[in-house]
Amino acid sequence: MNYLDSSLFCQWQRTLSGFEVDQVAAHKAFNLLVEAYSSSDRYYHTLKHIYHVLKIIDNLQAYTRNLATVQLAAWFHDVVYDTKAQNNEEKSAAVACELLSSLGIPLSNITAVTRLIINTKNHQAAADDFDSQVLLDADLAILAANPVRYREYALYIRQEYAWVSEAEYIMGRAHVLESFLQRQRIYFTTLMFEVGEKPARRNLNAEIQSL
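The shown structure was predicted, so the numbers you read here are calculated from the model rather than taken from an experiment.

I keep staring at the overall build of the protein and nothing clicks. Help me out?
Across its full length, the protein carries ten helices and zero strands. The helix and strand sequence of the protein, counted from the amino end, reads α-α-α-α-α-α-α-α-α-α. Oriented by its inertia axes, the alpha-carbon framework of the protein measures out at about 50 × 35 × 30 Å. Expressed as a percentage of the 211 residues in the protein, the buried residues total 49%. When the accessible surface of the protein is summed, it comes to about 11000 Å², and 54% of that surface belongs to carbon and sulfur atoms. One finds the centroid of the 19 positive side-chain charges in the protein at a distance of 5 Å from the centroid of its 24 negative side-chain charges.

Got a minute to help me understand the nonpolar core in this structure?
A general tendency of soluble globular proteins is for nonpolar side chains to be buried together. With 61 residues, the main nonpolar core has Trp 12, Trp 75, Phe 76, Leu 100 and Leu 143 as its most contacted residues. A per-element tally of this core places helix H4 (residues 67-76) first, with seven residues.

Would you take a moment to explain the environment of Phe 76 for this structure?
Positionally, Phe 76 belongs in helix H4. Note: C-alpha distance between Phe 76 and Val 113 (37 residues apart in sequence) is 8.7 Å. Contacts of Phe 76, omitting those with residues within four sequence positions, involve Trp 12, Leu 33, Tyr 37, Ser 92, Val 95, Ala 96, Leu 99, Leu 100 and Ile 117.

Any chance you could explain the packing of helix H1 (residues 3-16) against helix H2 (residues 23-37) here in plain terms?
Between two packed helices, both the angle of their axes relative to each other and the distance between the axes serve to describe the pair. Packing of H1 against H2 brings their axes to within 11 Å, and their N-to-C directions diverge by 130 degrees. Comparing their axes, H2 and H1 come out oblique. For H1 against H2, the interelement crossing comes out right-handed. Judged by residue contacts, Asp 5, Leu 8, Phe 9, Trp 12, Gln 13 and Leu 16 of H1 engage Gln 23, Ala 26, His 27, Ala 29, Phe 30, Leu 33 and Val 34 from H2.

Can you walk me through the layout of surface pockets in this structure?
Any empty space left between the atoms is revealed when a probe the size of a water molecule rolls over them. If you add up the space inside the largest pocket, you get close to 1100 Å³. Lining the largest pocket are 34 residues, with Tyr 81, Glu 89, Lys 121, Tyr 161 and Val 176 positioned closest to its centre. Among the elements of the structure, helix H5 (88-102), helix H8 (147-160) and helix H9 (166-181) are those that each provide at least two residues to the lining of the largest pocket. Looking at which element gives the most residues to the lining of the largest pocket, the answer is H9, with nine residues. Tallied by class, the residues present in the lining of the largest pocket amount to 16 nonpolar, eleven polar and seven charged.

So what exactly am I meant to see when it comes to the environment of Ile 118 here?
Along the chain, the position of Ile 118 falls in helix H6 (residues 107-119). Distance in space between the C-alpha atoms of Ile 118 and Val 195 is 26 Å, their sequence separation being 77 residues.

It is not clear to me how the side chain of Glu 160 should be interpreted in this structure. Could you clarify?
Tracing the sequence through the fold places Glu 160 in helix H8. Buried charge without a partner: Glu 160 forms no salt bridge, and the closest opposite charge is Arg 42, 6.3 Å away. Sequence-distant contacts of Glu 160, that is, excluding residues within four places in its chain, are made with Asp 41, Arg 42, Tyr 43, Tyr 44, His 45, Tyr 81 and Thr 83.

Just checking my understanding: could you explain the pattern of salt bridges for this structure?
Side-chain pairs of opposite charge can arise whenever the charged atoms involved come near each other. A full pass over the atoms with the stated rule returns six salt bridges. As a salt-bridge pair, Lys 121 and Glu 90 come within 3.3 Å of each other at their nearest N and O atoms. One end of the pair, Lys 121, is in the loop between H6 and helix H7 (130-139); the other, Glu 90, is in helix H5, and 31 residues separate them in sequence. Relative accessible area serves as the criterion here: at 31%, Lys 121 is assigned to the partly exposed category. For Glu 197, the salt bridge identified is with Arg 201, shortest N-O distance 3.0 Å. A residue pair is termed a helical-turn pair when its members lie 3 or 4 positions apart in one helix, as Glu 197 and Arg 201 do in helix H10 (residues 190-210) at four residues. By relative accessible area, Glu 197 is classed as buried at 6%.

Even after reading the chapter, I still don't get the packing of aromatic side chains, so can you show me in this structure?
Aromatic rings in a pair are described by how distant their centres are and how their planes are angled relative to each other. Inspection of every chain in the model, using the stated rule, returns eight aromatic pairs. Residues Tyr 161 and Tyr 169 carry aromatic rings whose centres are separated by 6.2 Å and whose planes lie at 45 degrees to one another, so their mutual orientation is tilted. The class of Tyr 161 is partly exposed, set by a relative accessible area of 26%. Lying across the ring of Trp 163, Lys 84 places its NZ or CZ 5.4 Å from the centre. We note Arg 158 situated over the ring of Tyr 169; from NZ or CZ to the ring centre the distance is 4.3 Å.

Parameters and conventions
Residues numbered from 1 in each chain as written. Predicted model: local features only at pLDDT ≥ 70, side-chain atom pairs only at ≥ 80, totals over all residues. Heavy atoms only, no water. Helix = DSSP H or I, 4+ residues; strand = E, 2+ residues; numbered from the N terminus. Buried < 20%, exposed > 50% of the residue type's maximum accessible area, 1.4 Å probe, protein only. Areas by Shrake-Rupley, 256 points an atom, 1.4 Å probe, with all protein chains shown as cover. Lys, Arg positive; Asp, Glu negative; His and termini not counted. Charge placed at Lys NZ, Arg CZ, Asp CG, Glu CD. Core = buried A, V, L, I, M, F, W, Y, C linked by side-chain atoms within 4.5 Å. Contact = heavy atoms within 4.5 Å. Axes fitted to C-alpha atoms, helices over the stretch in contact; angles between N-to-C directions. Parallel < 35°, antiparallel > 145°, perpendicular 65-115°, else oblique. Left-handed = near helix turned anticlockwise from the far one by under 90°. 1 Å grid on protein atoms, 1.4 Å probe; cavity = no way out; pocket = protein on both sides within 12 Å on 5 of 7 lines; lining within 4 Å. Points joined across faces, edges and corners; volume = space filled by probe spheres on them. Nonpolar A, V, L, I, M, F, W, Y, C, P; charged D, E, K, R; others polar. Salt bridge = Lys/Arg side-chain N within 4 Å of Asp/Glu carboxyl O. Phe/Tyr/Trp six-rings, centres within 6.5 Å; stacked < 30°, edge-to-face > 60°. Lys NZ or Arg CZ within 6 Å of the ring centre and 35° of its normal.

Worth remembering: the numbers are spatial, not functional.
As structure tokens, then:
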């Protein structure tokens, strides 16, 4: 187990510590997650992405209503990732439901986790849905990264869509980036808005220019 895996395993154990979960089953579930996020067609949506999302959730935990639920949703939100499919979030939610059920996680938590995962499809959250707001802000935190890291992220996304022609990719990617710029605000939580809104908009505009 490398450093990242071992750090994530500790985080996984901490996330599950509030529930009565068999340790052997927990380890088996973790290995399934590692396998899913380590597939060869992933460049950005890897374990490193999950690691960074969980770190941001830690920073934003004061905004959450149920931290463990948000963390579990983070673990599973990209567990199914096929750039040719339109239902990755629904499939990821189904995997979460099945795996968390096998671990004996209460149904109320599983229902909340699957709802949070589905909300990552369009990155929209109700004004009083604080747990979704935290998950979505953490998922999109990369948009506010320093320019070098942002360019690396943009390159990785292009690699994940290597099967798409250049012209089609430019059109589709520009549409996605512009849809975020058209929002009144990209980030929901006060902290992410104050720290990340301006750099995120700079990065999005710079990528549109480079396309």
